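Coordinate inspection notes
Now for the letters of each chain:
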Amino acid sequence: MQAADTAPISRGRNFLLWTVLGIGIVAPGSILIAESQGSYYYGDEGFHLLASQLLITGKRVYLDFFFQHPPVYTYLSAGWMLLAGDTWRSAHLFSAILAIICAAMIGGYLFSRFDRRDGQLVYALGGVLFFMLNPLVVRYAVLGQPYALCLVWLFGAFLLAVRSANQPRFSAVWAGLFCGAAVATSLLTSIVPPVLFYWILRHTERPERRKRLLQFAGGIGLGLLPILISASRAPRQVWFDVIFYHLKYRQQHVFQGENMLGHELKTLTGWIDSTQSSLLFVLALVAIIFFAAGKGRLENRLGMESRLSALILICLAPFLCVPRLSQPQYFVLLIPFLSILAASGLYVISNGLGAGKLSIWLAVATLGLYAV
């Protein structure tokens, strides 16, 4: 009788927690939407907006006009413009919605990894705020460029790869599909499929390993179909636009009083020049050290997955420096993985300094500082 009486209370409490988490996503999400409709813009987004408008008029990417990027964002943006209007405001709104979707995935993931005594709501909201209030996200994930869509693809691939390892019956095709779609959206994500391939190889039992890797590779092929179809129709144009142009003709800007090496070093450190980004980096580093040492109750739930997040960061961060004249906005692709590590790092620090409700209030105070 007691168990039957407490079941409705438990369900009601879960509903309340999920409701508060939803509010915690919608509130900063409204800030992103408002920011997306402001006057801020970045010059390069004109390439993507014009390409989407040309698709609406019946032009074919690569065949009828030069375009130096993979096509998935352009196709989806053109479809969105048909519904919401072919203006920069609609394109910005599309990106803001995608960023909110990524934040929702981060919040749901962290909420499922902590339990109530760990303060699951606080740390799930922490991951959401770490992501949505990050300067790179606020500044660049709401533009008419592929960054917000890449965030959804990349973090979705992470979640699906984790699920395929934890649930034997879940196909790895979906993780591969998201990886392939990310690459077909931006070549900046090209390093992530090999990283997830390696991780699935290491964390799949031998009888299932070959099947799981074939599923993952097949999913990548499906995700790459848009660019593969374009390449079959116009191989020379696709090769030149997407690959050869970047290898040979992408010009390095000439800076007065600053050499190229100085610019690259400034770019590498510039994305953490704010209080928020520095705090995010420090908390993520704490989590990496904590999980690498194999300590704490969270080891069984978050340890392995946090190592995957750290591996993606270690491989993706240097890869983003490969393009000539790398830009600070490239590093927005790191923020989802830094956010979940930072939420774990916040748990480690707050529980190390206090116990029970005190640790929760320490975490809330840190989040308040970050938000302000």
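Being a predicted model, the structure only gives us computed values, none of them experimental.

Quick word on the pattern of salt bridges
- On inspection of all chains with the given rule, the structure shows three salt bridges.
- In this structure, the salt-bridge partner of R60 is D64, at a minimum N-O distance of 3.2 Å.
- According to the relative accessible area criterion, D64 is partly exposed, its value standing at 37%.
- A salt bridge links E208 to R212; the shortest N-O distance between them is 3.8 Å. Here R212 and E208 lie together in helix 10 (residues 206-223), a separation of four residues that amounts to about one turn.
- The class for E208 is partly exposed, based on a relative accessible area of 29%.

Digging into the confidence of the model for the protein
- Across the protein, pLDDT averages 83, with 84% of residues at or above 70.
- Mean pLDDT across the secondary structure elements of the protein bottoms out at helix 13 (residues 260-270), with 61, and peaks at helix 8 (residues 173-183), with 96.
- In the model, residues 1-6 has pLDDT below 50 throughout and makes zero contacts with residues more than four positions away in sequence or in other chains.
- Every residue in residues 253-257 scores below 50 in pLDDT, and together they form five contacts with partners more than four places removed in sequence or on other chains.

Brief notes about the packing of aromatic side chains
- All chains considered together, the criterion is met by 16 aromatic pairs.
- Ring centres of Y109 and F155 lie 6.2 Å apart, and the angle between their planes is 90°; on these two criteria the pair is classed as edge-to-face. With a gap of 46 residues between them, Y109 in helix 4 (residues 88-113) and F155 in helix 7 (residues 147-166) connect regions that are remote in the sequence. Across the pair, F155 and Y109 agree in class, each one buried.
- One aromatic cluster is present, formed by F66, W239, F240, F244 and Y245 through successive ring pairs.

Re the nonpolar core
- Grouped together as the largest cluster of nonpolar side chains are 97 residues, with contacts concentrated most on F131, F158, L196 and L333.
- Counting residues per element, this core draws most heavily on helix 7, which supplies 14 residues.
- Dropping the residues within four chain positions of it, L196 is found in contact with A157, F158, A161, C179, F216, L308 and I312.
- A51, V61, F67 and A78 belong to the second largest nonpolar core, which has 10 residues in total.

Considerations on the packing of helix 3 (residues 72-84) against helix 4
- Viewed as axis vectors pointing N to C, helix 3 and helix 4 meet at an angle of 115°, and their least axial separation amounts to 10 Å. Handedness of the helix 3/helix 4 crossing: right-handed. Contacts from Y73, L76, S77, W80, M81 and A84 in helix 3 reach S90, A91, L93, F94, S95 and I97 in helix 4.

What counts and what doesn't
Every chain is numbered independently, its residues counted from 1 as its sequence is written. Where local features are concerned, this predicted model is filtered to residues with pLDDT of at least 70; where side-chain atom pairs are given and counted, the filter is 80 or more; whole-chain, interface and lining totals use all residues. The side-chain values count all of the structure's non-hydrogen atoms but skip hydrogen atoms and water molecules. Should a side-chain nitrogen of Lys or Arg be within 4 Å of a carboxyl oxygen of Asp or Glu, the pair is scored as a salt bridge. Exposure is judged per residue with a 1.4 Å probe applied to protein chains only, and the accessible area is read against the type maximum: over 50% gives exposed, under 20% gives buried, and values in between give partly exposed. Helix numbering and strand numbering both begin at the N terminus, where a helix is a DSSP run of H or I of at least 4 residues and a strand a DSSP run of E of at least 2. pLDDT is a residue-level measure of predictor confidence that goes from 0 to 100. Any two residues whose heavy atoms approach within 4.5 Å at even a single point are treated as in contact. Geometry of aromatic contacts follows a simple scheme: Phe, Tyr and Trp rings, the Trp one being its six-membered ring, pair when their centres are within 6.5 Å, and the pair is stacked under 30 degrees between planes, edge-to-face over 60, tilted otherwise. Side-chain atoms within 4.5 Å are what join buried Ala, Val, Leu, Ile, Met, Phe, Trp, Tyr and Cys residues into a set we call a nonpolar core. Between the N-to-C directions of two axes lies an angle of 0 to 180 degrees, each axis being a line fitted to C-alpha atoms and, for a helix, fitted only over the stretch in contact. By the definition used in this description, the sense in which the near helix is turned from the far one sets the handedness, with an anticlockwise turn below a right angle giving left-handed and a clockwise turn giving right-handed.

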